[in-house]
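One letter stands for each residue in the lines below.
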Amino acid sequence: MSSPSMSAPERLGPPRGARIEVSDVYQYFASPGKEPVLAVDTTSLVIEPGEFVCFVGPSGCGKTTVLNQIAGLVKPTGGTVTLDGKTAKEGRPDVGYLLARDGLLPWRTALGNVMLPMELRGTPRAEAEHRAAGMLETVGLGKFLHSYPSQLSHGMRQRTALSRTLVVEPTTILMDEPFSALDAETRLRLQGVFLKLWEHHRSSVCFVTHDLSEAIVMADRILVFGARPGKIIADYRINLERPRNVLELQENDQYHHYFQEIWSVLRKELAAA
Ligand SMILES: Nc1ncnc2c1ncn2[C@@H]1O[C@H](COP(=O)(O)OP(=O)(O)O)[C@@H](O)[C@H]1O
Ligand SMILES: [Mg+2]
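Being a predicted model, the structure only gives us computed values, none of them experimental.

Looking at the pairing of strand β1 (residues 20–29)
Consideration 1: Pairing geometry for β1 and strand β2 (residues 37–47), over 7 bridges, is antiparallel. Paired with Y28 across the strands is L38, a residue of β2.
Consideration 2: Relative to strand β4 (residues 78–83), β1 is paired through 5 bridges, and the arrangement is antiparallel. The residue of β4 that forms the bridge with V22 is V81.

Written out as structure tokens, the structure reads:
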């Protein structure tokens, strides 16, 4: 990703993401000696190119399963998932996946970890190093290029993992509660960092979170999953102006309005789960 300077005038880039289409998907999981579990009931959704969509809903309602179907890691029992018209499959270089666990290699420095996906693609070493360093600079880790994961704080490790995901400029970014293990202040900071990068790059994003306020500050749309078996029960468009400032939004009336409206639905599902 060409690094937007943090002090440059803010602007939104043109959308570059893939169109993601999930059609009539359902998912059963078999477990030995038990009836198969219906994890996702018949579900359809479309994420338009460059759209930022958040999934919220109670634990166990199938959010990760749908994300894994989009990543091609789980094959739906029924229905189809396509990215720009092509059936979702594992290992696509244009799809980035970021989890709550950073998954960094402990024997590589921050720079080495961010270089890894480019090395796997055969990017010349000097170019990989240049891009990795630029990306780490962008997320505020310019002084920690040569630190090992064990020498970095939790938030710094997650920023490194974010850099590793974004450095190869995926047009689809899948994130499963990526900031959930961070303290509140670090989480706000990282939301801001990621939003800035996304506003520049405009990939299609599917972002799972437990945190409704996080969903509202980031998303164009919020899909609420109902208690098991998982199914989308509500679809909210978040018309907050972009570019957004995560800290300022905490005091924005419209933001609080969205929170109350969506929370009234989400609360019932959490209670039912
Ligand atoms: N590989 C699997 N094998 C069996 N059951 C699974 C598997 N993955 C998920 N499940 C079950 O499917 C349901 C949905 O899980 P998941 O998609 O992880 O929910 P969420 O991410 O919303 O918490 C849960 O009941 C979970 O236990
Ligand atoms: Mg999950």
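Section: the sheet that holds β1
Consideration 1: Read across the sheet, 4 strands follow the order β2-β1-β4-β5 without closing on themselves; strand pairing throughout is antiparallel. Two strands bound the open sheet, and with one partner strand each, they are β2 and β5 (86–87).
Consideration 2: Its contacts with the sheet put helix α1 (residues 63–71) on β1, β2 and β4, and the angle it makes with β1 is roughly 120°.

Looking at the sheet that holds strand β8 (residues 204–208)
Consideration 1: One open sheet accounts for 6 strands, arranged β6-β7-β8-β3-β9-β10; its pairing is mixed. A single partner strand is all that each edge strand has here, and the edge strands are β6 (95–99) and β10 (232–237). On average, each strand axis in the sheet is inclined to that of its neighbour by 15°, with strand direction left out of account.
Consideration 2: Where strand β7 (residues 172–176) and β8 come together, 5 bridges link them in parallel fashion. Counterpart to D176 in the pairing with β8 is V208.
Consideration 3: Across the sheet, α1 lies against β3 (52–56), β6, β7, β8 and β9 (221–225), angled at about 155° from β7, the strand it touches most.
Consideration 4: Running over the sheet, helix α4 (residues 154–166) touches β6 and β7 and is turned about 165° from β6.

Here's the deal with the packing of helix α2 (residues 110–120) against helix α3 (residues 125–138)
Consideration 1: Two elements in contact, α2 and α3, have axes separated by 9 Å at closest approach and are oriented at 125°. As summarised for this structure, α2 and α3 are arranged oblique, according to the angle between their axes. Relative to α3, the crossing made by α2 is right-handed. Residues A110, L111, V114, M115, M118 and E119 of α2 touch α3, and the partners they reach there are R125, A128, E129, R131, A132, A133 and L136.
Consideration 2: For the contact of α2 with α3, the class distribution of residues is 9 nonpolar, no polar and 4 charged.

Here's the deal with the site of ligand 1
Consideration 1: For ligand 1, the full set of nearby residues is F29, A39, P58, S59, G60, C61, G62, K63, T64, T65 and R228.
Consideration 2: With respect to ligand 1, the side chain of T64 contributes an N or O atom lying 2.8 Å from an oxygen atom.
Consideration 3: Separating an oxygen atom of ligand 1 from a side-chain N or O atom of T65 is a distance of 2.5 Å.
Consideration 4: If you tally residues by element for the shell around ligand 1, the top one is α1, at 3 residues.
Consideration 5: For the shell around ligand 1, a count of residues per class yields 4 nonpolar, 5 polar and 2 charged.

Looking at the nonpolar core
Consideration 1: Ranked by size, the top nonpolar core spans 55 residues in total, and within it F52, M175, F194, F207, I216 and I222 carry the most contacts.
Consideration 2: Looking at this core, the element that brings in the most residues is helix α5 (residues 184–201), giving 6 residues.
Consideration 3: For I222, the residues in contact, after removing those within four places along its chain, are C54, V56, L212, A215, I216, A234, D235, Y236, I238 and I262.
Consideration 4: Core analysis: the second largest hydrophobic core is formed by 23 residues, A39, C61, A71 and L83 among them.

Side note on the UniProt feature "domain: ABC transporter" (unreviewed entry) in the chain
Consideration 1: Mapped onto the present numbering, the UniProt feature "domain: ABC transporter" (unreviewed entry) falls at residues 20–252.
Consideration 2: The span residues 20–252 shows a helical share of 33% and a strand share of 26%, and its end C-alpha atoms are spaced 31 Å apart.

Procedures and definitions
- Residues numbered from 1 in each chain as written.
- Chains lettered and ligands numbered in written order.
- Predicted model: local features only at pLDDT ≥ 70, side-chain atom pairs only at ≥ 80, totals over all residues.
- Heavy atoms only, no water.
- Pairing = 2+ DSSP bridges.
- Helix = DSSP H or I, 4+ residues; strand = E, 2+ residues; numbered from the N terminus.
- Contact = heavy atoms within 4.5 Å.
- Axes fitted to C-alpha atoms, helices over the stretch in contact; angles between N-to-C directions.
- Parallel < 35°, antiparallel > 145°, perpendicular 65-115°, else oblique.
- Left-handed = near helix turned anticlockwise from the far one by under 90°.
- Nonpolar A, V, L, I, M, F, W, Y, C, P; charged D, E, K, R; others polar.
- Near = heavy atom within 4 Å.
- Polar contact = N/O pair within 3.5 Å; in protein donor to acceptor, adjacent residues only side chain to side chain.
- Core = buried A, V, L, I, M, F, W, Y, C linked by side-chain atoms within 4.5 Å.
- Buried < 20%, exposed > 50% of the residue type's maximum accessible area, 1.4 Å probe, protein only.
- UniProt positions renumbered as here; feature names shortened; annotations may be inferred.

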